[in-house]
Amino acid sequence: MTALVIFLIVLLLFIILVQLGRVTELSAKIRGEEDAEEQGNNRTALWLVIFMIAFLVFCIGSAYYYRNSMLGYGPLTSASEHGWALDNLFNVTLVLTGIVFVLTQILLFWYSYKYRHNKNRVGAFVSHNNTIEVVWTAIPALVMTFLVVKGLIVWNDVMPDVDPSEDVIEIEATGYQFAWDIRYPGPDGKIGTKDYQLINPGLNPLGLDFTDVKTHDDFIADKIVLPVDKKVRVRITSKDVLHNFFLPHFRVKMDAIPGLPTYFIFTPTITTADYRQQLREYPEWNVDQDPADPEAGTRWENFDFELACAELCGKGHYSMRKVVEIVSQEEYDAWKAQQNSFYFSSARNSDVDPYKGQLLDIDIANRSKEFDAKFIEALKAEDADDRIVRLDYVTFETGSPNLTADSKYELDNVIKALKENTTITTEVSGHTDNTGDAAKNMELSQARAMAVMQYLLDNGIDSSRMNAKGYGQTRPVADNETEEGRQQNRRTEFKIISQ
Amino acid sequence: MANDVLTYDDEVILEEQGFDDHFHEHEHGDHFKSNFVNHYVFSMDHKIIARQFLITGMVWALIGAGMSIIFRLQLGFPEESLTWIKPLLGKWIAVDATTGIGTLMPEFYYALVTMHGTIIVFFVLTAGLSGTFSNLLIPLQLGARDMASPFLNMLSYWFFFLASVIMFYSLFLSTGPFSGGWTAYPPLSALPQASTGSGTGMTLWLMSLTFFVVSVLLGGINYITTVLNLRTKGMSLWRMPLTIWAFFVTAILGLLSFPVLVSGFFMLICDRMLGTSFFLSEIFIEGAALPNVGGSPILYQHLFWFLGHPEVYIIILPAMGIVSEVLSVHARKPIFGYKAMVFSILAIGFLSFIVWAHHMFMSGVNPFISNFFVVFTLIIAVPSAVKVFNWITTLYKGNIRLNTPMLFAIGFVSMFISGGLTGIFLGNSAIDIQMHDTYFVVAHFHIVMGVAAFFGMFAGIYHWFPKMYARFMNETLGKIHFWITMIGAYAVFWPMHYLGIAGVPRRYYSFNTFNSFDDFTALNQFITIAAIVVFAAQVLFVINFFYSIWKGKKMTTKNPWKATTLEWTTPIHTGHGNWEGNLPVVHRWAYDYGKDGIDYVPQHIPLTEEEKAQEGSH
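Residues numbered from 1 in each chain as written. Chains lettered and ligands numbered in written order. Predicted model: local features only at pLDDT ≥ 70, side-chain atom pairs only at ≥ 80, totals over all residues.

Looking up chain B in an unreviewed UniProt entry gives the name Cytochrome-c oxidase, with the organism given as Portibacter lacus. Chain B has a UniProt comment under Subcellular location (unreviewed entry) that states "Membrane". (UniProt positions renumbered as here; feature names shortened; annotations may be inferred.)

The name recorded for chain A in an unreviewed UniProt entry is Cytochrome c oxidase subunit 2, from Portibacter lacus. UniProt, in its Function (unreviewed entry) section for chain A, records the words "Subunits I and II form the functional core of the enzyme complex. Electrons originating in cytochrome c are transferred via heme a and Cu(A) to the binuclear center formed by heme a3 and Cu(B)." Under the UniProt heading Catalytic activity (unreviewed entry), the entry covering chain A gives this text: "4 Fe(II)-[cytochrome c] + O2 + 8 H(+)(in) = 4 Fe(III)-[cytochrome c] + 2 H2O + 4 H(+)(out)".

Following this line, the structure appears as structure tokens:
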């Protein structure tokens, strides 16, 4: 109903206007067309001047009104090193074009007014003037030269890639419909390779190539955290369509292209906390963030730098937000230390792990550390019964006394310990759970203990320093009723008998 | 002296001085084709074809502008219910089951944005503007009976019509029309799984635009041939009005650049349908890794903008030509610096081919390459500035009739200054880092090639309406139309600069996902309201247009504006063949206004003895 009423009102308005047009046409005819034209002409000329003044006031006034919301004019100053140069160039261009804008608009409308039609006059026959034409070709040419040179100096300063010797933090941003994934290098400082064919939405969303060990310590962060005053190179990639990595406060923008990595290099110069303090000075930032929720705090407290997408990428283009946090170097190091490697936390031994079921150098090193700690503890133990190191990583083929290949790493730790502590004598013992025939279990555990001792013998440990004994299921350390307990009971131990 | 108005008896001059091409011997041969279908539908008369282009363009302009109103409502008033528009948009308005609030779906928002751009750029400002006025004015102002090939000219319109039908049909697909932006960058445009609009919608979009290019090429070949071969006796190139120079260069630009676009489209079609990898590489989408490797999406951007940049001059040059002519006629003064104007058009035309990558500074091309494009881009500011200064100086010491066509011409200059100056920011790659793909770009190109080109088109329509329909458009309605459009267009687009400087990206369905962009609710509402008002003014224009065709003030003299060009020497009701008897012979340039104190001397008036003496002394 409302729609119909509005429609009728609009229709009526148009009819009134058309009638108005007819009436003025008729009245002009009655009054004499020439006079009516002359009067209308004078009126229009005046309106043009009024428009010009109102327009210039509107332009300057509205710019003044919105200055604090625009980047670079109020509290929202550049948060990166190169941003200042861009803002400066913008302002220089603004002043130069502003002068031209005001002068040409004034001349255009003023001439239209001043030289309005007068039936007693004929327009001047001024067809050209070579001097003035050369002058007004040369002046724009000079101004453009100035702006081009100034602009290209800035451009060629901002855009080149980093020198390989430079100390930069490199992170990787990958756009996809409709979010960003941010990947950091781990302690090695290097981002590992990736391949889109390896992408697995659940297990390996970025398609990291885990055969490249540089990927193993990389982590995927839920926001971009960067230390202040440190040069950053962002490697920008895309999984599906074009995106654009846009950090408005840092004056950073670059397309993300599938199959063609791009980059942008910038240096943040202010921490998020300091930037918030900067905003705090302004009343419009001291209002509540959310009037409905007083707990939410003021606007300046809620301010965050943001990453946005600036290349149309589909229906969710407007929602690809990520928070950017600039912190001190110490806070950055602390934050980084808390992050978990993607490989070890999410992909290790899953279907996408090329080393599934295999030991990595880092596992071997970790196990060695673990053994050393247990060994030192056993050496120090008061009670003789506690001087036991359980060899968790010594395993056997099912139902057989043959050592698995990976067991040798743990046994090598044993050998190393025995060689470093030449006075120690030990007992290697085998244990089973309570399933199956007890006698057979006894036999198997004895054989397994022997196999371990044989390995130690083969690697240069004197037979007088050790003996091997199978205990079968007689010495459980855990409840045999549960699978977990049974697993703990199936074990190989290494007991220090004398030091 | 000042009151001296020479009156000429055109009949006598044409009879005595005109050039007899034996037209009347075949003239009557045309009459066998005078039934309705041949006269108004499959017409080969350039004047009818011009009107067909104009009215088709107006229909498209209303559709394209109407779309912008719908998506502006979403941007300005995202909380308001759009349920009332559901009868029109159907399932694209999602109604919340509990609150009953209808919201425009993002898929269709992007479809509207895409179609708005495609329609306005190609169908309205290329076909509707250049198609209308090149067709109408090239034969009339050159003293030709028709285009070099009236048949190709007719085909040109009907290919445009075919393109229009296909594009219109695509609006009603269940998956929606294409929604990946008017530039149609792959991979988004190449992969149906990337967006609903990239399926059938994109196929139809590509088909439609391919037919459209055929139309442009057929038209362009005709315009060039006509300008080069069918000028009447005495019409040397340097005596052509600036309108013709502008249409001529426009046609050359189109002929050289549109085929490159089509080659890009063909590669895109191959990628979509034949499994090639011109633009696709290493893509993982919808849970699957595609086999394509080695292609480059940037290649498409090069091909697209190799057309895309000349395209903006294809749009603006005809408007510039029209405005030069209208300013001169109604200021009663010669256009200032005629030769400089011609050389500016040629310089802009040439430079438009070597600046395309300024659309791609931030798209991953080698930053070193950008250096060249910055230099060439900012050089364009020089011929553009020359044109602006010449227009302003044309007003200086004139005797200006401030009627509607003149107001739109003045408005054009104002818009071209405002929008052109912001181009100096964007053409400088360092500033473009921040401004690229923000509302600053939207403000820039809407003012400089959207609004300005529309103003040129309006100036042309109001000015040549008597030539087309032998009646005048209503002045009062015209002035209301001008003032609302002038004030409203600035109200819509000027504030967008502020959004852009604040970093707000273009093509955002909603601003409140980001704190950084959420600061301008009132401003966005203001823009939306202004857009609705401007749209209403355009409806008024359309009403005025059709009302005036049948009810407008009748044209009683051949040359109501007292202009010098040849189209005003034809009969009031101009038939096929334009001149009834002899063709006019040209003796002078097109801008003898106020010369020796005489208000105007048309081109076909022979030189006086005095003038001959002057000419000899030069």
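Once you've had a look at it, read on.
## Description of the overall build of chain B
Each helix and strand in chain B was counted, giving 20 helices and 4 strands. For chain B, whose C-alpha radius of gyration is 25 Å, the value lies close to the compact-globule estimate of 25 Å for 618 residues. Viewed in the frame of its principal axes, chain B has a C-alpha envelope of about 80 × 50 × 50 Å. Considering chain B as a whole, with its 618 residues, one finds that 61% of them fall into the buried category. A separation threshold of at least 6 residues defines the contact pool for chain B, and within that pool the share at least 24 residues apart is 79%. (Helix = DSSP H or I, 4+ residues; strand = E, 2+ residues; numbered from the N terminus. Rg over C-alpha atoms; globule rule 2.2 N^0.38 Å. Buried ≥ 20, exposed ≤ 12 C-beta atoms within 10 Å, placed from the backbone. Contact = placed C-beta atoms within 7 Å.)

## Let's talk about the packing of helix α13 (residues 381-395) of chain B against helix α14 (residues 404-427) of chain B
Residues and elements named next belong to chain B. Where α13 meets α14, the axes come as close as 11 Å, and the angle between the chain directions of the two elements is 160°. By the angle between their directions, the pair α13 and α14 is classed as roughly antiparallel. Crossing geometry of α13 relative to α14 is assigned as left-handed. The residues of α14 that touch α13, namely those facing Ala381, Ser384, Val388, Trp391 and Ile392, are Val413, Phe416, Ile417, Gly420 and Ile424. Split by residue class, the contact of α13 with α14 holds 8 nonpolar, 2 polar and no charged. (Axes fitted to C-alpha atoms, helices over the stretch in contact; angles between N-to-C directions. Parallel < 35°, antiparallel > 145°, perpendicular 65-115°, else oblique. Left-handed = near helix turned anticlockwise from the far one by under 90°. Nonpolar A, V, L, I, M, F, W, Y, C, P; charged D, E, K, R; others polar.)

## Describing the packing of helix α1 (residues 2-31) of chain A against helix α2 (residues 33-65) of chain A
Residues and elements named next belong to chain A. Their axes nearest at 6 Å, the elements α1 and α2 cross at an angle of 120°. By the angle class used here, α1 and α2 are oblique. Contact with α1, carried on its side by Ala28, Lys29 and Arg31, involves Glu33, Asp35 and Ala36 of α2 and no other residues of that element. Of the residues belonging to the contact of α1 with α2, the class tally is 2 nonpolar, no polar and 4 charged.

## Section: the sheet that holds strand β11 (residues 388-390) of chain A
Residue and element names in this part refer to chain A. Taken in spatial order, the 4 strands make up an open sheet running β11-β14-β12-β13, and their pairing is mixed. The strands lining the two open edges of the sheet, one partner per strand, are β11 and β13 (466-470). With strand direction ignored, the average angle separating the axes of adjacent strands in the sheet is 20°. Here 3 bridges tie β11 to strand β14 (residues 491-498), and the two strands are oriented antiparallel to one another. From the neighbouring strand, Arg390 faces β14, where its bridge partner is Glu493. Of the strands in this sheet, β12 (425-431), β13 and β14 are in contact with helix α11 (residues 438-458), which crosses β13 at around 160°. (Pairing = 2+ DSSP bridges.)

## Observations regarding the UniProt feature "domain: Cytochrome oxidase subunit II copper A binding" (unreviewed entry) in chain A
UniProt's feature table lists "domain: Cytochrome oxidase subunit II copper A binding" (unreviewed entry) at residues 166-338 of chain A, given in the numbering used throughout. Across residues 166-338 of chain A, helical content stands at 13% and strand content at 31%; the span's end C-alpha atoms are separated by 26 Å.

## Observations concerning the confidence of the model for chain B
Residue and element names in this part refer to chain B. For chain B, mean pLDDT is 92; residues scoring 70 or higher make up 96% of the total. In the predicted structure, residues 1-5 sits below a pLDDT of 50 and forms 8 contacts with residues beyond four places in sequence or in another chain. For this predicted complex, the interface confidence score (ipTM) comes to 0.93, while the overall pTM stands at 0.91. (pLDDT = per-residue confidence, 0-100.)

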